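# Architecture at a glance
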Amino acid sequence: MNLERYTRQTQLKEFGLEAQKKLSEAKVLVIGAGGLGVPALTYLNAMGVGTLGIVDSDVVSLSNLHRQVSYYENEVGESKVSSLIKKLQAQNSATNLIPHHTFLSTENALAIIAAYDVVLDASDNFPTRYLVNDACVILKKPFVYGALHSFEGQVSVFNFEDGPTYRCIFPTMPNPAEIPNCNENGVLGVVPGIIGNLQALEVVKVITGIGEALSGKFLLFDGLSQNYRKINFKKVAGNDAIIHLKDSYEFSCEIGGSAITSQELTELLKKEDLQVIDVRTDAEYQQFHLEEAIHIPLSALERKLEAINYSKDIYVICQSGIRSQKAIQLIGAFKPNATLINVDGGMNKLNRYALR
Amino acid sequence: MKVLLFGIAKDIIGASEFEVPAQPKHPSTVKELKDVLVVLFPEFGTLSSLAIAINSEYAEENALLHSTDEIAIIPPVSGG
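Being a predicted model, the structure only gives us computed values, none of them experimental.

## Section: the side chain of aspartate 222 of chain A
Looking at where aspartate 222 of chain A falls in the secondary structure, it is placed in strand 7 (residues 217–222). A relative accessible area of 9% places aspartate 222 of chain A in the buried class. Here lysine 10 of chain B takes part through its side chain, which lies 3.5 Å from a polar atom of the side chain of aspartate 222 of chain A. Apart from the residues lying within four places of it in its own chain, the contact partners of aspartate 222 of chain A are Phe151, Glu152 and Asn227 of chain A together with Lys10 of chain B.

Rendered as structure tokens:
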């Protein structure tokens, strides 16, 4: 460990060489290399965390750049994990950087997380967040939670020193129709930077023991008013008794029906004349759309169910693949025998392949 | 009775604070408050998971409310 490099933080009497040594020996896993993961990783790497693992299988897209500030214009379409590791290695050559080119799943979660001391949840969807919680409870690993909604953020430290977990404040996973994500709702570029850095700070506190970790406290940040509010909450009996992951963390409302990826759809469209229903809003549709798409906004779908040709397969697409699931439920309820196919990842993913 | 709103709750009501009407009567528990919100703003009925805090302490459904309490409605958020 190059001591001179960390002088400005080791000279803090509350931190010192002892805390620096703890950082250098720590293994931190960051799940998600997006808006939260990028700033968190940049600072944890700069501060001298010895081992950093990164889990993500996404590629850089143009609409990431306003908030995921380590990715550059010439990297659109490239693997986020590869692009980020290149920069983190140049930033701090002493860090042991471990790429996990995958999304977290019930098959790999326990094996990946087991090798680390602390997890930083920088994911962008509820199934992953509940999977991270349950896997960390099973493996008895603390995890630092951060999540966003437009100008707001939430931060907490879960499962730390016998403290409460994510399920103690939000016991069950909401379904996708009720809570929009960043892709649908939007997020101001700097807000994930603030929340991701608050998470990095909590990781440092968990590792070194300095200060007071946000365990049993739920921080709410509102960027528009610059208000920080902390809610105290307690451990709920039974939430730490998880011994197996659930079979699936997919949304319960997700129909068992079929789905294809955006990339597969583009390939199919080259060969066949498909019926693709785009259920996004007028504004989203105007921005860009597939030539072949029939536009029926989700809000108008119930009134326009007759416009769909039920003798053909029905591919349903939206911006990120969530509203299309809701549309599929609606259409399926109207015509139970219809062949409905969800386009996973929606226009966000398609954009990279077809419209780049 | 003042309610602070976060996440999708703020979007539904269209403000960051909301004064719960005293008529016909103030809700006396967290459960009653949730019911009142669903009546006033039906979209709350679609939210299956909603944390409520009274004076910065997480509150269960049967927790009692007083007119001077500061209540926060905290839906889960997923963005990253």
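## Overview of helix 2 (residues 16–25) of chain A
Residues and elements named next belong to chain A. All buried positions along helix 2 are accounted for by Gly16, Ala19, Gln20 and Leu23. For helix 2, the buried positions fall inside an angular range of 100 degrees around the axis, keeping them on one side. Looking at helix 2, the residues exposed on the side facing more than 90 degrees away from the buried face are Glu18 and Glu25. On its buried side, helix 2 packs onto helix 1 (7–10), helix 3 (37–47) and helix 9 (190–208).

## Quick look at the sheet that holds strand 9 (residues 258–261) of chain A
Hydrogen bonds along the backbone pair up the strands of a sheet, which may run parallel or antiparallel. Residue and element names in this part refer to chain A. Strand order in the open sheet formed by 5 strands is 9-13-12-10-11, and the pairing between neighbours is parallel. The open sheet is flanked by strand 9 and strand 11 (294–295), the only strands paired with a single partner. Pairing between strand 10 (residues 275–278) and strand 11: 2 bridges, direction parallel. Counted as the bridge partner of isoleucine 277 is isoleucine 294 from strand 11. Sheet contacts for helix 10 (residues 262–271): strand 9, strand 10, strand 12 (314–317) and strand 13 (340–344); angle to strand 9, the most-contacted strand, approximately 85 degrees.

## Notes on the nonpolar core
Of all hydrophobic cores here, the largest spans 58 residues; its most connected members are Leu104 and Phe218 of chain A together with Phe44, Ile73 and Ile74 of chain B. Top element by residues in this core is helix 6 (residues 126–139) of chain A. It accounts for 6 residues. If sequence neighbours within four positions are ignored, phenylalanine 44 of chain B has contacts with Ala9, Ile12, Ile13, Leu37, Val38, Leu50 and Ile73 of chain B.

## Here's the deal with the domain arrangement of chain A
Considered domain by domain, chain A is made up of domain 1 (4–232) and domain 2 (258–354). Each of domain 1 of chain A and domain 2 of chain A has a C-alpha centre, and these two points are 33 Å apart.

## Points about the packing of aromatic side chains
Residues and elements named next belong to chain A. All chains considered together, the criterion is met by 14 aromatic pairs over all chains. Ring geometry for phenylalanine 158 against phenylalanine 233: centres 6.1 Å apart, planes inclined by 70 degrees, an arrangement best described as edge-to-face. Here phenylalanine 158 is found in strand 6 (residues 152–158), whereas its partner phenylalanine 233 is found in the loop between strand 8 (227–232) and strand 9, with 75 residues between them in sequence. A relative accessible area of 0% places phenylalanine 158 in the buried class. Residue phenylalanine 233 is classed as buried on the basis of its relative accessible area of 5%. Aromatic pair tyrosine 310 and phenylalanine 334: ring centres 5.9 Å apart, planes at 50 degrees, arrangement tilted. Note that tyrosine 310 is positioned in the loop between helix 12 (298–301) and strand 12 and phenylalanine 334 in helix 13 (residues 323–334), a separation of 24 residues in sequence.

Parameters and conventions
- Residues numbered from 1 in each chain as written.
- Chains lettered and ligands numbered in written order.
- Predicted model: local features only at pLDDT ≥ 70, side-chain atom pairs only at ≥ 80, totals over all residues.
- Heavy atoms only, no water.
- Helix = DSSP H or I, 4+ residues; strand = E, 2+ residues; numbered from the N terminus.
- Buried < 20%, exposed > 50% of the residue type's maximum accessible area, 1.4 Å probe, protein only.
- Polar contact = N/O pair within 3.5 Å; in protein donor to acceptor, adjacent residues only side chain to side chain.
- Contact = heavy atoms within 4.5 Å.
- Arc of directions from axis to C-beta.
- Pairing = 2+ DSSP bridges.
- Axes fitted to C-alpha atoms, helices over the stretch in contact; angles between N-to-C directions.
- Core = buried A, V, L, I, M, F, W, Y, C linked by side-chain atoms within 4.5 Å.
- Domains from an automatic or database assignment.
- Phe/Tyr/Trp six-rings, centres within 6.5 Å; stacked < 30°, edge-to-face > 60°.

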